[in-house]
Amino acid sequence: MAKTDNSSLIQSPVSEKTGWVFLANSLGACLGFARDIVVAGSMGTSYMADAFVTAMLIPTIFNNLIVSGALSPAVIPVFSWYVSKNEKDAWRMANSVLVALMLVSLGIVLAGELAAPRLVMLLAPGFDIRTWSTAVKLVRVVLPAVLLSALSISLGALLNGLGEFQIPAFATLLPTALLILSFPLFYVYRSPVVLVVGFLVGALFQLVVVRREFVRSRIGRSKFDPAFSLRHEGVRDVTTLALPILLAQAFLQTKIIAERMFASTLGQGQVTVLTFGSRLAVFPMLTYVAAICITIFPFISQQAALRRFQEFEGSLRNGLVVSTMISLPIASLLIVFREPIVTLMFRRGSFGYNEVSAVGTILALYSVGIAAAAANWILMRGFYALQDTFTPVVYSFSFLVLALICDWVLIGRMGVAGLALGSSLASFATMCLLVVLLKQKIGSFDTKELCRTLGKILLASTLMTVLAQCLFIVSKSTVNQFGVPYWSSLISILVGSIPSLVAYLAMLRSLGVNEVSSLQEIAVLMLSKCINQKNHTEN
């Protein structure tokens, strides 16, 4: 195999199917923001908003913990292996896994229905009786979505194993889309129950669409006997692979739950404020960081399998540099323009200036740790490429413990803002831990060269932040004459961010950061794909 240089990670073609997944993820993030916008405008930070956010946290945690977080990464390689050997066995393996998952999910739903009051008390112990009772009602309505989403995402994982990505990726948009379309009914009945019902209907549509696609696949079209066995070897293989990932995900989800528990004790609206701020901050992670991870993972997996650790190190280092080169300026702009961004996104209806200020503070403190969190995502892919499932568990547990300690120390002094800062500090600490563990794993990792490059990026980002802050101050005093918060915020963001980003790229070039050319290559590659797709459609 030819030696892989750093730039090859960007120059190598990305499949059209992966591009569709990127597009679906981006649309999903936009729909999530649209949902938050209408929730903020209709409920503000009222007791209904706290109850709604808490109830919707349950299907999210279940999917992140079990289905998307642990089961899908385990199902795909096992199912692909069975398909390559015998499609009849692949059908039985898929059937057995789906039946096992359906039974587990059904048990969770039934247990959740019975334990809904205690479950809400666990997630939000500080709720008053009105908020608590509303949350219990919403939880009982939304719990069946756990079963529907589990089956949908698992069928999607099986389709991914067959090389089919487009329909499963876009089907995940349906629950949120139907929830948003239910908002006119909310204004009629003034109850968040109609929104949860909309989400439930969307989850049902998602299952119908994905199941239809699976039936049309080459496995689904085959007239095999739909036999299943919970003792099937494939079920055991999936379970063996999923357990370490499940444990790691459990630690991360525990941290999210703990943050909401702390926030619920701080008064009405604090859970909503924390949720909105964290969702704005996590947006870069769901777009460019996920794209980088998917792009470099095949390279580093192949290099690790061939024990070409020098190439592995170069590829991973390039991923870290490109990730940091994007994440630092984004974090800086989120901090500087926090209030205009929150105003543009949420300030309408019941969501006023005080709420904007509170969410802006959360956004800024979460943004402090964006670069470290992005580096952790890249480093974790390195361990997965080395077939190391133990280190992710160590990382997740360390992150949980450090975050809880920071939260405990800071919440008394800073309130809900301390939870955001504690998460950022824990991200930096665990990033250092992962670098040390990686050096021990592969025997060498040139941190000196990496630190020199990252230092240049940090210098350029710092100067860009100063420029952005100055432009923001000047533009703020100028655009206030418009009187409309949305236009003033939009103009402030554009006037301050565009010149700052241009100056940032120029500073990177003057400092000799060669990886800056990768950003241009990414833009050219994406543009050429869009043009090719348009020409193909027209022809």
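The structure contained in this document is the topic of the report that follows. None of the values given here were measured: they were computed from a predicted structure. (Residues numbered from 1 in each chain as written. Predicted model: local features only at pLDDT ≥ 70, side-chain atom pairs only at ≥ 80, totals over all residues. Heavy atoms only, no water.)

**Quick notes on the overall build of the protein chain**
Point 1. Within the protein chain one finds 23 helices and 0 strands.
Point 2. A burial count over the protein chain gives 51% of its 539 residues as buried.
Point 3. Long-range contacts, defined as pairs at least 24 residues apart, comprise 83% of the intrachain contacts of the protein chain with a sequence gap of at least 6.
Point 4. Accessible surface computed for the protein chain: about 24300 Å², of which carbon and sulfur atoms make up 66%. (Helix = DSSP H or I, 4+ residues; strand = E, 2+ residues; numbered from the N terminus. Buried < 20%, exposed > 50% of the residue type's maximum accessible area, 1.4 Å probe, protein only. Contact = heavy atoms within 4.5 Å. Areas by Shrake-Rupley, 256 points an atom, 1.4 Å probe, with all protein chains shown as cover.)

**Some thoughts on the pattern of salt bridges**
Point 1. A complete count under the given rule lists 6 salt bridges for this structure.
Point 2. As a salt-bridge pair, R317 and E313 come within 3.2 Å of each other at their nearest N and O atoms. One end of the pair, R317, and the other, E313, are both in helix α15 (residues 309–336), 4 residues apart, so they sit about a helical turn from each other.
Point 3. With a shortest N-O distance of 2.8 Å, E449 and R452 are connected by a salt bridge. Of the two residues, E449 and R452 are both situated in helix α21 (residues 447–479); the distance of 3 residues between them amounts to about one turn of the helix.
Point 4. Here the salt bridges do not stand alone but share partners, grouping R35, D36 and R279 into one network. (Salt bridge = Lys/Arg side-chain N within 4 Å of Asp/Glu carboxyl O.)

**Considering the nonpolar core**
Point 1. Residues F52, F79, F312 and L438 are the most contacted members of the largest nonpolar core, which totals 134 residues.
Point 2. Tallying contributions element by element places helix α3 (residues 47–85) first for this core, with 16 residues.
Point 3. Beyond its immediate stretch of four places on either side in the chain, L438 contacts F312, L316, L379, F383, L386, G443 and F445. (Core = buried A, V, L, I, M, F, W, Y, C linked by side-chain atoms within 4.5 Å.)

**Remarks on the side chain of T324**
Point 1. For T324, the location among the structural elements is in helix α15.
Point 2. A distance of 2.8 Å separates a polar atom in the side chain of T324 from the backbone oxygen of L320. (Polar contact = N/O pair within 3.5 Å; in protein donor to acceptor, adjacent residues only side chain to side chain.)

**Some thoughts on the environment of M48**
Point 1. By secondary structure assignment, the location of M48 is in helix α3.
Point 2. Those residues within four positions of M48 in sequence are excluded, and the remaining contacts are M43, F186, R190 and P192.

**Considering the packing of aromatic side chains**
Point 1. Applying the stated criterion across every chain yields a total of 5 aromatic pairs.
Point 2. Where F186 meets Y187, the ring centres are 5.7 Å apart and the plane angle is 75°; that geometry is what we call edge-to-face.
Point 3. Accessibility expressed as a relative area gives 0% for F186, which makes it buried.
Point 4. On the basis of an interplanar angle of 65° and a centroid distance of 5.2 Å, the ring pair of F251 and F397 is categorised as edge-to-face. Taken together, the positions of F251 in helix α13 (residues 233–264) and F397 in helix α19 (residues 390–414) put the pair 146 residues apart, joining distant regions of the chain.
Point 5. Each member of the aromatic cluster is reached from another via a ring pair, and the members are F183, F186 and Y187.
Point 6. When the ring centre of Y47 is taken as origin, the NZ or CZ atom of R130, which lies over that ring, is 3.9 Å away. (Phe/Tyr/Trp six-rings, centres within 6.5 Å; stacked < 30°, edge-to-face > 60°. Lys NZ or Arg CZ within 6 Å of the ring centre and 35° of its normal.)

**Points about the packing of helix α18 (residues 370–385) against α19**
When two helices pack together, their arrangement is given by the angle between the helix axes and the distance between those axes.
Point 1. Taken N-terminus to C-terminus, the directions of α18 and α19 make an angle of 150°; their axes are 8 Å apart at the nearest point. Judged by the inter-axis angle, α18 sits roughly antiparallel to α19. The residues of α19 that touch α18, namely those facing N376, M380, F383 and Y384, are T391, P392 and Y395.
Point 2. Within the contact of α18 with α19, the residues separate by chemical class into 5 nonpolar, 2 polar and no charged. (Axes fitted to C-alpha atoms, helices over the stretch in contact; angles between N-to-C directions. Parallel < 35°, antiparallel > 145°, perpendicular 65-115°, else oblique. Nonpolar A, V, L, I, M, F, W, Y, C, P; charged D, E, K, R; others polar.)

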